[in-house]
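Breakdown of the fold
Chain by chain, the residues:
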Amino acid sequence: MKNEMPVTVPIKKVIDEANGIKSVILPYRLNAKPGQFAMIWLPGVDLKPVGVSYQDESSFGITVSAVGAWSKKICEMKAGELLGVMGPYGKAFKLEGKNIVLIGGGYGAASLMMLAERALKEETNATMIIGARSSDCLIYRERVKQLGLKTIFTTDDGSFGEKGFTTDVLQKILKEEKADKVFAVGPELMEKRVAEICLENNVPCEISIERYMKCGFGVCGACSVDDEGKRVCVEGTVFSGEEALKIREFGKYHRDGSALKKEFGGKK
Amino acid sequence: MADIGVNLCGLKLANPTVLASGIVGISKASVSYAVKNGAGGVILTYEGGMLNSVGYPNPGIDNIAEEFSNLKSVGAPVIGSITGKNAEEFAMLAGKINKMDFAAIEIVMSCPHTPGYGTMAGQSTPEITEEITKAVRAKVTKPLFVKLSPNVMAISEIAKAAEKGGADAITAVNTLGPGMVIDIKSRKPVLGGKIGGLSGDALRPVAVRCVYDIYKSVKIPIIGTGGVLTGEHAVEMIMAGATAVGIGTGVYNRGISVFRKVTREITAFMKENNYSTLEEMRGKAHEE
């Protein structure tokens, strides 16, 4: 049985990734597999699930976009300040095939970086697509260069890389080259489009679904998805594209902390 | 083959395990998943927004009506659990949820850690228990379960008050406490609301004693809840007097299939010890 109390450690390093997006490195041996997440406790504020974006023998990192009270505070933190760690939790990505495509929308690329690093180590031919609204929101531009990871950047406004969506690039790749498996993390509507494109092209894919979580280990029910009731924190967050498309609410709605439905795409 | 079916106030449970309120059950899908993993019955809990949306019509009300229609598809009886600030709020919510598709209704006046509710609102006295139960009873045509707190001096008196107020069953018990854990490096309480209820192994002996006391004081059935992680724990509860057993923290300790595991272990125990029905074990700890 895992210890369900957070272990508090001082922040080792803060990395400025992009406009309003920071990474925080923590001196804690998490031992996460690619795609798994940690619950990060900001003392006195809240506990939230976050994908693991950096990991070595003695530390790991998370990449956070300043959107709510918790993430805004995290983005203001400095080395030496304390954060609590629980985990790792959730299912991991399955690295398969010789040629893989990884698609990170917004800060979604964070949850794919460990997988990309493993692919490079195992000499899998990996192509990363990182997309954002505009150049100032693109993360890991330096990091992928240093890793030698083949990366295509897209921006909605064309301010950097290709103008358009990550899914446009995916379609082009699937038409021109052979891909054995696709991995995607990002806004849910993007993920759904990826799952559909992969289904049409008969290419297996895995995506990571984000849902509101209170506990992270399958007890609170907050992340149970309709209609089957699978808990995203335990039975996910990684799902195959096929599994994801069977989830009725996938790409349609999610639930907030009070279990009320909220539609994707701004409605309600 | 041992018969492990339970008739709980007319609710037919395929086995005595019930998903406890406050765990996993926030939606029809989430309780269906517990049933798929072996739960004989499930308690679906309204908290926060759900409850408010039921109480105060807003665009969410359509979602909620849809959410709780056709609960038969869940495959086991679904009990709707509500909580309120006072008798009036309890009664108002109970009236709304009585119209939905639930098999029974559970009222929780025993939450140990939410200001304005449960023990923090002084709801765990015999007088208030009877008052709230009566108010709800007047609005509810379905079987009514009352969930009690273990953090009281004489739980048998409170159970009696609930029975007098018109309860059809007692859910015993809610969590112990509240408790607090402080992270000594950041010097901050760890839990979101600073305090929380204590469950699991620490709670079980207290829960068993509560069920034992209640069994002596009332005639209505008891859903023994608190630290039931294994079939042996379930048998212990049944011997204390429980008709069914609630499982909550067991989902954490043994995964969502805890219901199937506990049921299997109860059956194995019954086989080894020559019991053919749960009835033969019920309340046996009371025999001189």
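Here the focus is the overall build of chain A. The helix and strand tally for chain A stands at seven helices and 16 strands. Here chain A has a C-alpha radius of gyration of 18 Å; the compact-globule value for 268 residues is 18 Å, and the two agree. A buried classification covers 55% of the 268 residues belonging to chain A. Within chain A, contacts between residues separated by at least 24 positions form 61% of all contacts whose residues are at least 6 apart in sequence.

By size, the foremost hydrophobic cluster in this structure holds 125 residues, and its most contacted members are Leu170(A), Val182(A) and Ile107(B). Of the domains in this structure, domain 1 (7-89) and domain 2 (99-263) of chain A are the two that each give at least three residues to this core. In this structure, Val182(A) is in contact with Val101(A), Ile103(A), Leu170(A), Leu174(A), Val194(A), Cys198(A), Val203(A), Pro204(A), Cys205(A) and Glu206(A), ignoring residues within four places of it in sequence. In terms of nonpolar packing, the next biggest core, distinct from the first, is built from 29 residues, Ala109(A), Ala110(A), Ile130(A) and Tyr140(A) among them.

What follows is about the domain arrangement of chain A. Residue and element names in this part refer to chain A. On domain assignment, one finds that chain A holds domain 1 (7-89) and domain 2 (99-263). Averaged C-alpha coordinates put domain 1 and domain 2 at centres separated by 20 Å. With 23 residues of domain 1 at the contact, the number on the domain 2 side is 22 residues. Buried area between domain 1 and domain 2, both sides added, is near 1,800 Å², and the carbon and sulfur share of it is 63%. Where domain 1 touches domain 2, the interface holds zero salt bridges.

Given 3.6 residues per turn, any residue in an α-helix points the same way as the ones three and four places further on. All names here are of chain B. Most of helix 8 (residues 231-240) is tucked away, with seven of its 10 residues classed as buried. Inspection of helix 8 places Gly-231, His-233, Ala-234, Val-235, Met-237, Ile-238 and Ala-240 among the buried residues, and these make up the whole buried set. A side-chain oxygen of the first residue of helix 8 lies 3.3 Å from the backbone nitrogen of Glu-232; this N-cap is Thr-230. Phi turns positive, to about 130 degrees, at Gly-241, one or two residues after helix 8.

Once that is clear, we can look at the sheet that holds strand 8 (residues 169-172) of chain B. Strands pair in a sheet through their backbones, by hydrogen bonds, and they do so in one of two ways: parallel or antiparallel. All names here are of chain B. Pairing in this closed barrel of eight strands is parallel, and the strands run 3-4-5-6-7-8-13-14 around the ring. Direction aside, neighbouring strands of the sheet carry axes that sit 25 degrees apart on average. For strand 3 (residues 17-19) and strand 4 (residues 41-45), the ladder comprises two bridges, and the chain directions are parallel. When the bridges of strand 4 are listed, Leu-19 appears paired with Val-42. Where helix 1 (residues 28-36) meets the sheet, it contacts strand 3 and strand 4, and its direction lies at approximately 155 degrees from that of strand 4. Where helix 5 (residues 126-137) meets the sheet, it contacts strand 6 (104-108) and strand 7 (144-148), and its direction lies at approximately 155 degrees from that of strand 7.

Residue and element names in this part refer to chain A. Across all of its chains, the model carries eight aromatic pairs over all chains by this definition. Ring centres 6.2 Å apart and planes at 85 degrees place the aromatic pair Tyr-54 and Tyr-140 in the edge-to-face group. Here Tyr-54, found in strand 5 (residues 46-55), pairs with Tyr-140, found in the loop between strand 9 (125-132) and helix 3 (141-147); they are 86 residues apart in sequence, far enough to count as distant. For the residue pair Tyr-54 and Tyr-140, the accessibility class agrees, reading buried in each case. Taking 6.0 Å as the distance between ring centres and 55 degrees as the angle between the ring planes, the aromatic pair formed by Tyr-89 and Phe-217 counts as tilted. Note that Tyr-89 is positioned in strand 7 (residues 82-89) and Phe-217 in the loop between strand 13 (205-208) and helix 6 (232-235), a separation of 128 residues in sequence.

Glancing now at helix 5 (residues 188-200) of chain A. Residue and element names in this part refer to chain A. If you check helix 5, its first and last C-alpha atoms are 18 Å apart, about what 13 residues at 1.5 Å a residue would give, namely 18 Å. Restricting attention to buried positions, one finds in helix 5 the residues Glu-188, Met-190, Glu-191, Lys-192, Val-194, Ala-195, Ile-197 and Cys-198. Contact partners of the buried residues in helix 5: strand 8 (99-105), helix 4 (166-176), strand 12 (181-185), strand 13 and helix 7 (241-246). Phi turns positive one or two residues past the end of helix 5, at Asn-202, with a value near 60 degrees.

Right, let's get into the pattern of salt bridges. Residues and elements named next belong to chain A. Taken as a whole and assessed by the stated rule, the structure comprises 28 salt bridges over all chains. Lys-94 serves as the salt-bridge partner of Glu-206, at 4.0 Å between the closest nitrogen and oxygen. Pair noted here: Glu-206 is in strand 13 and Lys-94 is in the loop between strand 7 and strand 8, with a separation of 112 residues, a long-range link. Ionic contacts of the salt-bridge type, sharing partners, join the residues Lys-94, Glu-96, Lys-181 and Glu-206 into one network.

Calculation criteria
- Residues numbered from 1 in each chain as written.
- Chains lettered and ligands numbered in written order.
- Predicted model: local features only at pLDDT ≥ 70, side-chain atom pairs only at ≥ 80, totals over all residues.
- Heavy atoms only, no water.
- Helix = DSSP H or I, 4+ residues; strand = E, 2+ residues; numbered from the N terminus.
- Rg over C-alpha atoms; globule rule 2.2 N^0.38 Å.
- Buried < 20%, exposed > 50% of the residue type's maximum accessible area, 1.4 Å probe, protein only.
- Contact = heavy atoms within 4.5 Å.
- Core = buried A, V, L, I, M, F, W, Y, C linked by side-chain atoms within 4.5 Å.
- Domains from an automatic or database assignment.
- Buried area = accessible area lost by both parts, 1.4 Å probe.
- Salt bridge = Lys/Arg side-chain N within 4 Å of Asp/Glu carboxyl O.
- Polar contact = N/O pair within 3.5 Å; in protein donor to acceptor, adjacent residues only side chain to side chain.
- Pairing = 2+ DSSP bridges.
- Axes fitted to C-alpha atoms, helices over the stretch in contact; angles between N-to-C directions.
- Phe/Tyr/Trp six-rings, centres within 6.5 Å; stacked < 30°, edge-to-face > 60°.
- Expected span 1.5 Å × (residues − 1).

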